[in-house]
Amino acid sequence: MKLFNNIFKILTIGIVLFISSCSVDEVIDPNNPPLDGVLNDASKTELQVLVTGLEARHREYYGSATQMFGSFGREVWCYFGSDPRFISHWLGIGLTTTYTDFFASEGTYINPYLAVKQANVLEASANNATILTNAERKGYLGFAKTIKAYQLIWPLMQQYQNGIRIDVVDRLNPGPTVSYTEALTAIRDLLDEAYNELQSAEFSFILTSGFENFNTPLTFSKVNRAIAARVALYDGAYDDALTILGDSFLDINVDNNSTEKMWV
């Protein structure tokens, strides 16, 4: 009996010590975990998750943009049996007043901004990560800023002269809505900033197969220049666009009838 009591006491003490040594962080909302963990000295594993998440966000605008802009350009006839308004309201058929509830166009506005927010988190995390070398940090920043600039193009093309917000770091206190011209200037500056960082950067993260040909700072900078050339065209800076295009992956001298690929 004495032996049993001693064993019981040892087990009890062990259980108490085990429970007291374990701590579990409180999760307020499992669907929206806090960012403290990645914003405060993130590991490379955590930064990789942010990069992959940004790639995922980067693709989400595409479906809505293709359908809506294709309809505006009369390139597609977007018919859904579940809701015929995709034709009537996007093309303005039979409408006498403006449709005010953002019908079927929010994806082209909201999804890019979700990617912008993701890029902002990646930037902040990379800046606060002590494990990174300066070259590695520039790799994260160059990638994040390039994607962010690209995503800002889509709400701007949708809103056009209405302008958009560029600064959305603080969701409760965003920056002002800037004009179309100011937005183009900000996007071009952001792309140039990213390009300069990529020139002395190192990628310590892995991109998915979609970036198979552009997964190093050198090759990804060619993507940056292709986007920058496009924005320069929107800005009416045609000479700048031609100059910038020379550093991109596009080759405008390829014969249109040739089967040669457009990248170099």
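### Examining the packing of aromatic side chains
- Enumeration according to the criterion identifies eleven aromatic pairs in this entry.
- Centroid distance tyrosine 140 to phenylalanine 205: 4.8 Å. Interplanar angle 40 degrees. Geometry classified as tilted. Of this pair, tyrosine 140 sits in helix H7 (residues 134–159) while phenylalanine 205 sits in the loop between helix H8 (180–198) and helix H9 (217–234); the two residues are 65 residues apart in sequence, bridging distant segments of the chain. Phenylalanine 205 shares its class with tyrosine 140; the two are buried.
- Of the aromatic side chains, those joined through ring pairs into one cluster are Tyr140, Phe143, Phe203, Phe205, Phe211 and Phe220.
- It is arginine 225 that lies over the ring of tyrosine 195; its NZ or CZ is 4.3 Å from the centre.

### Re the confidence of the model for the protein
- In the predicted model, the protein carries a mean pLDDT of 83, and 79% of its residues have values of at least 70.
- In the model, residues 260–264 has pLDDT below 50 throughout and makes twelve contacts with residues more than four positions away in sequence or in other chains.

### Concerning the pattern of salt bridges
- Summed over all chains, the structure comprises nine salt bridges.
- A salt bridge links glutamate 123 to lysine 148; the shortest N-O distance between them is 2.8 Å. Residue glutamate 123 is located in helix H6 (residues 106–128), and its partner lysine 148 is located in helix H7; the two are separated by 25 residues in the primary sequence.
- Glutamate 193 serves as the salt-bridge partner of lysine 145, at 2.4 Å between the closest nitrogen and oxygen. Here lysine 145 is found in helix H7, whereas its partner glutamate 193 is found in helix H8, with 48 residues between them in sequence.
- Taking relative accessible area as the criterion, lysine 145 reaches 6% and is therefore assigned buried.
- Through salt bridges with shared partners, a single network forms among Lys145, Glu193 and Glu197.

### Quick word on the layout of surface pockets
- Volume-wise, the second largest pocket comes out at about 340 Å³.
- For the second largest pocket, the lining is made up of 17 residues, of which His58, Phe211, Val223, Ile227 and Phe249 are closest to its centre.
- For the lining of the second largest pocket, the elements supplying multiple residues, two or more each, are helix H3 (44–59), H7 and H9.
- Split into classes, the residues belonging to the lining of the second largest pocket amount to ten nonpolar, four polar and three charged.

### What about unusual backbone geometry?
- Residue aspartate 41 is not a glycine yet carries a positive backbone phi of 60 degrees.
- Since its relative accessible area comes to 37%, aspartate 41 is described here as partly exposed.
- Positioned with a positive phi, tyrosine 160 is a non-glycine residue whose angle comes to about 50 degrees.
- Of note, tyrosine 160 is situated in the loop between H7 and strand S1 (164–165).
- Its relative accessible area of 44% is what places tyrosine 160 among the partly exposed residues.

### Details of H3
- Its 16 residues place the ends of H3 23 Å apart at the C-alpha level, agreeing with the 22 Å of an ideal helix rising 1.5 Å per residue.
- Within H3, burial applies to Leu47, Gln48, Leu50, Val51, Leu54, Glu55 and His58. Angularly, the buried residues of H3 cover 160 degrees about the axis, an arc narrow enough to put them on a single face. Along H3, exposed side chains directed more than 90 degrees from the buried face belong to Thr45 and Val49.

### Let's talk about the side chain of glutamate 55
- Looking at the element boundaries, glutamate 55 is found in helix H3.
- Within the local environment of glutamate 55, its side chain forms a polar contact with the side chain of threonine 208, the two groups lying 2.5 Å apart.
- If we ignore the near neighbours within four places in the chain, the residues touching glutamate 55 are Phe143, Ile206, Leu207, Thr208 and Phe211.

### Regarding helix H4 (residues 62–72)
- Those residues of H4 not exposed but buried are Ala65, Met68, Gly70 and Ser71.
- Buried residues belonging to H4 abut H6 and H7.
- A positive backbone phi angle near 60 degrees is found at arginine 74, which sits one or two residues after H4.

Calculation notes
- Residues numbered from 1 in each chain as written.
- Predicted model: local features only at pLDDT ≥ 70, side-chain atom pairs only at ≥ 80, totals over all residues.
- Heavy atoms only, no water.
- Phe/Tyr/Trp six-rings, centres within 6.5 Å; stacked < 30°, edge-to-face > 60°.
- Helix = DSSP H or I, 4+ residues; strand = E, 2+ residues; numbered from the N terminus.
- Buried < 20%, exposed > 50% of the residue type's maximum accessible area, 1.4 Å probe, protein only.
- Lys NZ or Arg CZ within 6 Å of the ring centre and 35° of its normal.
- pLDDT = per-residue confidence, 0-100.
- Contact = heavy atoms within 4.5 Å.
- Salt bridge = Lys/Arg side-chain N within 4 Å of Asp/Glu carboxyl O.
- 1 Å grid on protein atoms, 1.4 Å probe; cavity = no way out; pocket = protein on both sides within 12 Å on 5 of 7 lines; lining within 4 Å.
- Points joined across faces, edges and corners; volume = space filled by probe spheres on them.
- Nonpolar A, V, L, I, M, F, W, Y, C, P; charged D, E, K, R; others polar.
- Expected span 1.5 Å × (residues − 1).
- Arc of directions from axis to C-beta.
- Polar contact = N/O pair within 3.5 Å; in protein donor to acceptor, adjacent residues only side chain to side chain.

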